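Structural characterization, general
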Amino acid sequence: MFKNLFQERRRSHAVKRLGVLDTLPEPAFDRFVHQAALSFDAPIAVLSVIHSDDQWFKAAVGMAVTCIPRDNGFCGHTLDHPGVLECCHPEVDPRFADFSIVTGDPFVRYYIGAPLTLLNGVDVGALCVLDTVTRPPSSPDQRAYLLGLARQASMALEARGDLWREGSAA
């Protein structure tokens, strides 16, 4: 329990330092979701940041909402998970079967996500791909590519945070 509280405090502090909450979409992050969707030939990809009880989308393809409750999203399960988290049948997986995006529109039937890990080791969100059709498990190359994109997105988030802090200190 204390480990989880400590991790959540570190995550909350790290996300605040990034300065991305409640900001407009930025092309620097759009490219990651476009590449993820393209590489998996999937209709939906999101770059999410987890803060408190919310899962906030900094960039998205195929998803119109910008924020959902953390406990109704896949990406929170990807945090602090080594490597990628993949679910080929979320409609029967007890962790995900009751999610509104599984039981209702867009009827998600596949999920894969890689954590967004900052240089200090804190996972602040996930780069995820979702599909509305069931698919087989991803290949090792697809998993490696998604992890690589997530690393790049993490670096972009940190660089943006550095610039934001420099600008607010001036």
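Preceding block: the structure.
Reference entry: report on the structure contained in this document. Numbering of residues starts from 1 in each chain and follows the order in which that chain's sequence is written. Totals for whole chains, interfaces and linings use all residues, but because this is a predicted model, local features are given only for residues with pLDDT of at least 70 and pairs of side-chain atoms are given and counted only at 80 or more. To get the side-chain values, take all heavy atoms of the structure and skip hydrogens and water.

Things to note about the pattern of salt bridges
Pairs can form between side chains of opposite charge whenever their charged atoms are close. Any carboxyl oxygen of Asp or Glu that lies within 4 Å of a side-chain nitrogen of Lys or Arg is treated as forming a salt bridge with it. Following the criterion strictly, the structure yields seven salt bridges and no others. With its nearest N and O atoms 2.7 Å apart, the salt bridge here joins Arg95 to Asp93. Look at Arg95 and you get partly exposed, because its relative accessible area is 39%. Overall, Asp93 belongs to the buried group, its relative accessible area being 14%. With its nearest N and O atoms 2.7 Å apart, the salt bridge here joins Arg135 to Asp131. When a residue's accessible area, from a 1.4 Å probe over protein chains only, is under 20% of the maximum for its type it is buried; when over 50% it is exposed; and in between it is partly exposed. The buried category is assigned to Arg135, whose relative accessible area is 16%.

Things to note about the pairing of strand S2 (residues 54–61)
By definition, any uninterrupted DSSP run of H or I lasting at least four residues is a helix, any uninterrupted run of E lasting at least two residues is a strand, and each is numbered from the N terminus. Judged by how many residues are buried, S2 sits mostly within the fold: six of eight residues are covered. When DSSP locates at least two bridges between a pair of strands, those strands are taken to pair. Bridging between strand S1 (residues 44–51) and S2 involves seven bridges; their strand directions are antiparallel. Across the sheet, the residue bridging to Val46 is Ala60, located in S2. Alignment of S2 against strand S3 (residues 67–69), held across three bridges, turns out to be antiparallel. Residue pairing in the sheet places Trp56 in a bridge with Cys67 of S3. What sits between S2 and S3 in their antiparallel hairpin is a turn of five residues, with Gly62 showing a positive phi close to 80°.

Thoughts on the packing of aromatic side chains
Aromatic rings in a pair are described by how distant their centres are and how their planes are angled relative to each other. Think of it this way: a Phe, Tyr or Trp ring, Trp meaning its six-membered ring, pairs with another when their centres are within 6.5 Å, and the plane angle makes it stacked under 30 degrees, edge-to-face over 60, tilted otherwise. Under the defined criterion, the tally for this structure stands at four aromatic pairs. Measuring from ring centre to ring centre gives 4.6 Å for Phe74 and Tyr111, while their planes differ by 10°; the resulting arrangement is stacked. One end of the pair, Phe74, is in the loop between S3 and helix H3 (75–78); the other, Tyr111, is in strand S5 (residues 110–117), with 37 residues separating them in the sequence. The class for Tyr111 is buried, based on a relative accessible area of 0%. Through a chain of ring-to-ring contacts, three or more aromatic side chains come together here, namely Phe74, Phe96, Phe99 and Tyr111.

A look at the nonpolar core
In summary, soluble globular proteins display a tendency toward joint burial of nonpolar side chains. Nonpolar cores were defined as sets of buried Ala, Val, Leu, Ile, Met, Phe, Trp, Tyr and Cys residues, with membership established by side-chain atoms within 4.5 Å. Phe32, Leu47, Leu116, Val124, Leu127, Leu146 and Leu157 are the most contacted members of the largest nonpolar core, which has 34 residues in total. Of all elements in the fold, only helix H1 (2–18), helix H2 (27–40), S1, S2, S5, strand S6 (123–131) and helix H5 (140–169) reach the threshold of two or more residues within this core. Counting residues in hydrophobic clusters, the runner-up holds 20 residues, among them Ile50, Met63, Phe74 and Val102.

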